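Residue strings, one per chain:
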Amino acid sequence: MTTPILTTTRLSLVPASLDDVEFVQAEFPYWEIVRFMNARVPWPYPADGALTFYRDVLLPQIARGEAHSWSLRPCDAPEIQIGVVTLHITADGENRGFWIAHPHQRRGFARETADAATDFYFRVLDQPELRVSKAVVNAASRRISVAQGMRVIWAGERDYVSGRLASETWAITRDEWTARRAS
């Protein structure tokens, strides 16, 4: 399935491409963004980190139907990129991830993005359950999971860029999501 363009009230989610590499390389490697990312993210972030990730990991996953990913762009300024959201079709507890560039944080874009991606995951991809793992201290991410009606299904420790931290896996089923959206 080809990843479609998604739209929200304020955002256009444009399918990932190598055109995103320059933005990602410039805006992603900030401690405030990467500190709660999975330890697989190299730190310090290499000068070719975005290109290597997109070319060798993300775009091949998309081509195999294992992932969908979008660059986030304001509807009123589509030439500007403000972040990235990715969905993985996997049962390992890492189905959705996103980040918002620092100048665009604290404006509700993360919640809007999470809602659009989650809706796509259930309505279009017809997946039974969405799981996201996060560091317990990542309060902003936890608030989004709470607002979406997710629940904690696992607690323990995981390795993040910032070190080993208390971690949780949150989940919501397609039926739970559908019921929440209908009300």
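This one's a predicted model, so the numbers in the text were calculated from it and none came from an experiment. (Residues numbered from 1 in each chain as written. Predicted model: local features only at pLDDT ≥ 70, side-chain atom pairs only at ≥ 80, totals over all residues. Heavy atoms only, no water.)

## Regarding the overall build of the chain
In terms of helices and strands, the chain carries six helices and eight strands. What you see in the chain, going N to C, is helices and strands ordered as β-β-α-α-α-β-β-β-α-β-α-β-β-α. Taken over C-alpha atoms, the radius of gyration comes to 16 Å for the chain, in line with the 16 Å a tight globule of 183 residues would show. In terms of its C-alpha atoms, the chain occupies a principal-axis envelope of roughly 45 × 35 × 35 Å. Out of the 183 residues belonging to the chain, those deemed buried represent 45%. (Helix = DSSP H or I, 4+ residues; strand = E, 2+ residues; numbered from the N terminus. Rg over C-alpha atoms; globule rule 2.2 N^0.38 Å. Buried < 20%, exposed > 50% of the residue type's maximum accessible area, 1.4 Å probe, protein only.)

## Looking at the sheet that holds strand E2 (residues 11-15)
One open sheet accounts for five strands, arranged E1-E2-E3-E4-E5; its pairing is antiparallel. Every interior strand has two partners, whereas the edge strands, strand E1 (6-7) and strand E5 (96-100), have only one. Where strand E4 (residues 83-88) lies against E5, five bridges are found, and the strand directions are antiparallel. In the strand pairing of E5, Val84 is matched with Trp99. This element, helix H3 (residues 49-63), spans strand E3 (67-74) and E4 of the sheet and lies at about 105 degrees to E3. Packing against the sheet, helix H4 (residues 109-123) makes contact with E1, E2, E3, E4 and E5, and its axis sits at approximately 155 degrees to E5. (Pairing = 2+ DSSP bridges. Contact = heavy atoms within 4.5 Å. Axes fitted to C-alpha atoms, helices over the stretch in contact; angles between N-to-C directions.)

## As for the packing of aromatic side chains
Summed over all chains, the structure comprises eight aromatic pairs. Arranged with centres 5.6 Å apart and planes meeting at 10 degrees, the rings of Phe23 and Trp99 form a pair that is stacked. Of the two residues, Phe23 sits in helix H1 (residues 21-27) while Trp99 sits in strand E5, which places them 76 residues apart along the sequence. Looking at Phe23, the relative accessible area reads 12%, which means it is buried. Trp99 gets classed as buried once you look at its relative accessible area, which sits at 10%. Looking at Arg158, its charged tip hangs above the ring of Trp154, at a distance of 4.3 Å from the centre. (Phe/Tyr/Trp six-rings, centres within 6.5 Å; stacked < 30°, edge-to-face > 60°. Lys NZ or Arg CZ within 6 Å of the ring centre and 35° of its normal.)

## With respect to the side chain of Ser145
Take Ser145: it is sitting in helix H5 (residues 139-147). For Ser145, a relative accessible area of 0% corresponds to the buried category. Ser145 has contacts with Val132, Lys134, Met150 and Trp170, leaving out every residue within four places of it along the chain.

## Examining H4
In this model H4 runs 21 Å from its N-terminal to its C-terminal C-alpha over 15 residues, within 8% of the 21 Å that 1.5 Å per residue would give. Taking burial as the measure, the 15 residues of H4 include 13 buried ones, the bulk of the element. (Expected span 1.5 Å × (residues − 1).)

## Description of the sheet that holds strand E7 (residues 151-160)
Read from one edge of the open sheet, three strands run E6-E8-E7, paired in antiparallel fashion. The two strands at the open ends of the sheet, each matched to only one other strand, are strand E6 (129-135) and E7. Strand after strand, the sheet turns through a mean of 25 degrees between neighbouring axes, direction not considered. Where E7 lies against strand E8 (residues 163-173), nine bridges are found, and the strand directions are antiparallel. From the neighbouring strand, Tyr160 faces E8, where its bridge partner is Gly163.

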